[in-house]
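Chain residues, written in single-letter form:
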Amino acid sequence: MKKFPFVIFILQISFSALTLAGQGTIRQSADKLGKNIGVAVSNQFFRFSDDHQYKTLLKSEFNTVVAENVMKPVSIEPVRGQFLFDKPDSLIAFAAANGMKVRGHCLVWHKQIPRWMNNDQLSSGELFAILKEYITTVVTHFKGRIFAWDVVNEAIDEKEADSFRKSAWMKVLGPSFIDSAFVWAHRADPTALLIYNDYGAEDIGAKSNAVFTLVKAMKARNIPISGVGLQCHFQLGKTNFDGMKQNMERIARLGLQTQITELDISLPSDQLTNENYEKQAREYEQVMSLFLKDNNCTAFMLWGLTDKFSWIPGFSLNKRGSALVFSEDYSRKPAYNSVFNLLNKSVRNK
Ligand code: XIL
């Protein structure tokens, strides 16, 4: 008889272990909360068969996707007049088949544009026509299938006297290219959210002040801008989350949404310790908490599904890495668990 409670105890433990094993996914909570939570889809996606673990994880864990590269101008119109929509269309078909939303990234940027387009020797009339044709063709092609577009990416350089990055667009067309891009995108798809997206402008500082000044003036000019994308390429220990909250609040007061568009939190490659993975988990939790508490923030996007394909090692010349919530072998990191637990808690408190 004495053994009986012990058996019950063991049964309870194995039951909780079982429920943990089938613990559910980020997506289940995201769907219940009506929140857009997703990842950037790597170029590898297009090489995998439909039952590949990458695709299986993607659709079970997330309800939103963005193309990491294949919707950038260099991929869409590498040769003038030849638009390549196959890869984006197949990603969008995958998303539709699995009830996922799609963000569009990005229409105007100073990087990943074809050489023929990135040409400050062209006349302003020519470059204006090129940009108008590109935006109109691309947004029209995807009309109704993209819920939010990054229309202009990274146009601010707070070190410039006028705070504008001297891209070919800026040099030839002047700052009005930003307004024009939003107007053309809006005409082509009036229901899509139109976002100005930038990095290093998440908390309060010179860069976010310049972004704020830009979007405030755009609003005042009645330009159809819906919000500001906070890229959130963070390095562990360097983010001021209170400042980020304040920045999100001041953007909201302008009547603009915010979106977390490219979150990753990288670690120094020579400091991949358990302690740092725990710290990383706490920071992911902070960003998720800001997102969940702020109904004006309408997307939470990680810049990649797994560390296996993260852009960070390549970009940092292998000085940094391990920035995402799934490890290279697709297992859940402490960062995954912290985000997952916080989402579950929100569902319970709903
Ligand atoms: C990066 C991709 O992740 C890389 O694969 C590519 O080689 C370069 O671009 N800000 C952006 C993204 O807006 O488009 C960038 O994506 C990362 C920085």
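Anyway, here's the lowdown on the structure attached to this text.

## Some thoughts on the packing of aromatic side chains
Under the counting rule described, the total for this entry stands at 15 aromatic pairs. Here the aromatic rings of Phe-85 and Phe-142 are separated by 5.4 Å at their centres, their planes lie at 90°, and the arrangement is edge-to-face. Of this pair, Phe-85 sits in the loop between α4 (73–76) and α5 (86–97) while Phe-142 sits in the loop between α6 (124–141) and β4 (148–153), and the two are 57 residues apart along the sequence. Residue Phe-85 shares its accessibility class with Phe-142, and that shared class is buried. Among the aromatic residues, those joined into a cluster by ring pairs are Phe-83, Phe-85, Tyr-134, Phe-142 and Trp-149. In this arrangement the basic side chain of Lys-55 is found over the ring face of Phe-45, its NZ or CZ atom lying 4.5 Å from the centre. Here Lys-101 stacks its cationic end above the ring of Phe-147, 5.0 Å away from the centre of that ring.

## A look at α6
In this model α6 runs 26 Å from its N-terminal to its C-terminal C-alpha over 18 residues, within 8% of the 26 Å that 1.5 Å per residue would give. All of the buried residues in α6 are Leu-127, Ile-130, Leu-131, Tyr-134, Ile-135, Val-138 and Val-139. Buried residues in α6, looked at end-on, bunch into an arc of 130°, giving them a common side. Where α6 is buried, its residues touch α4, β3 (101–108), β4, α7 (168–173) and α8 (176–188).

## Describing the site of the ligand
Lining the immediate environment of the ligand, one finds 13 residues, of which Glu-68, Lys-72, His-105, Glu-262 and Trp-303 sit closest. Between the ligand and the protein, one listed contact pairs an oxygen atom with a side-chain N or O atom of Glu-68 at 2.4 Å. Interatomic distance of 2.8 Å between a side-chain N/O atom of Glu-262 and an oxygen atom of the ligand. Contact with the protein chains removes 79% of the 420 Å² of surface that the ligand exposes when unbound. When grouped by side-chain class, the residues that make up the shell around the ligand number 3 nonpolar, 6 polar and 4 charged.

## Observations concerning the pairing of β3
Extensive coverage of β3 is indicated by the burial of 7 of its 8 residues. The sheet contact formed by strand β2 (residues 64–67) and β3 spans 3 bridges and is parallel. Within β3, the residue paired with Val-66 across the bridge is Arg-103. With 4 bridges joining them, β3 and β4 adopt parallel strand pairing. Its bridge partner lying in β4, Gly-104 is registered against Trp-149.

## Here we look at the pattern of salt bridges
Under the criterion given, the structure shown has 16 salt bridges. The residue Glu-160 makes a salt bridge to Lys-166 at a minimum N-O spacing of 3.8 Å. For the salt bridge of Arg-282 with Glu-285, the shortest nitrogen-to-oxygen distance reads 3.2 Å. Residue Arg-282 and its partner Glu-285 are both found in helix α11 (residues 274–293); the two are separated by 3 residues, about one turn of the helix. The network of salt bridges with common partners includes Glu-160, Asp-162 and Lys-166.

## Things to note about the environment of Met-244
When you line up the elements, Met-244 lands in helix α10 (residues 241–253). Sequence separation between Met-244 and Gly-205 is 39 residues, and the spatial gap between their C-alpha atoms is 9.9 Å. Each residue touching Met-244, except ones within four places of it in the same chain, is listed here: Glu-202, Asp-203, Leu-230, Cys-232, Phe-234, Ile-260, Val-287 and Leu-290.

## Examining unusual backbone geometry
Trans is the prevailing form of peptide bonds, just as negative phi is the prevailing case for residues other than glycine. Note the cis peptide between His-105 and Cys-106, where omega equals -10°. With respect to the helices, strands and loops of the structure, Cys-106 is situated in strand β3. The phi dihedral of Asn-222 falls on the positive side, at around 65°, and the residue is not glycine. Take Asn-222: it is sitting in the loop between α9 (206–220) and β6 (227–230). For Asn-222, a relative accessible area of 69% translates into the label exposed.

About the thresholds
- Residues numbered from 1 in each chain as written.
- Predicted model: local features only at pLDDT ≥ 70, side-chain atom pairs only at ≥ 80, totals over all residues.
- Heavy atoms only, no water.
- Phe/Tyr/Trp six-rings, centres within 6.5 Å; stacked < 30°, edge-to-face > 60°.
- Helix = DSSP H or I, 4+ residues; strand = E, 2+ residues; numbered from the N terminus.
- Buried < 20%, exposed > 50% of the residue type's maximum accessible area, 1.4 Å probe, protein only.
- Lys NZ or Arg CZ within 6 Å of the ring centre and 35° of its normal.
- Expected span 1.5 Å × (residues − 1).
- Arc of directions from axis to C-beta.
- Contact = heavy atoms within 4.5 Å.
- Near = heavy atom within 4 Å.
- Polar contact = N/O pair within 3.5 Å; in protein donor to acceptor, adjacent residues only side chain to side chain.
- Areas by Shrake-Rupley, 256 points an atom, 1.4 Å probe, with all protein chains shown as cover.
- Nonpolar A, V, L, I, M, F, W, Y, C, P; charged D, E, K, R; others polar.
- Pairing = 2+ DSSP bridges.
- Salt bridge = Lys/Arg side-chain N within 4 Å of Asp/Glu carboxyl O.

Function cannot be inferred from these measures alone, as they are strictly geometric.
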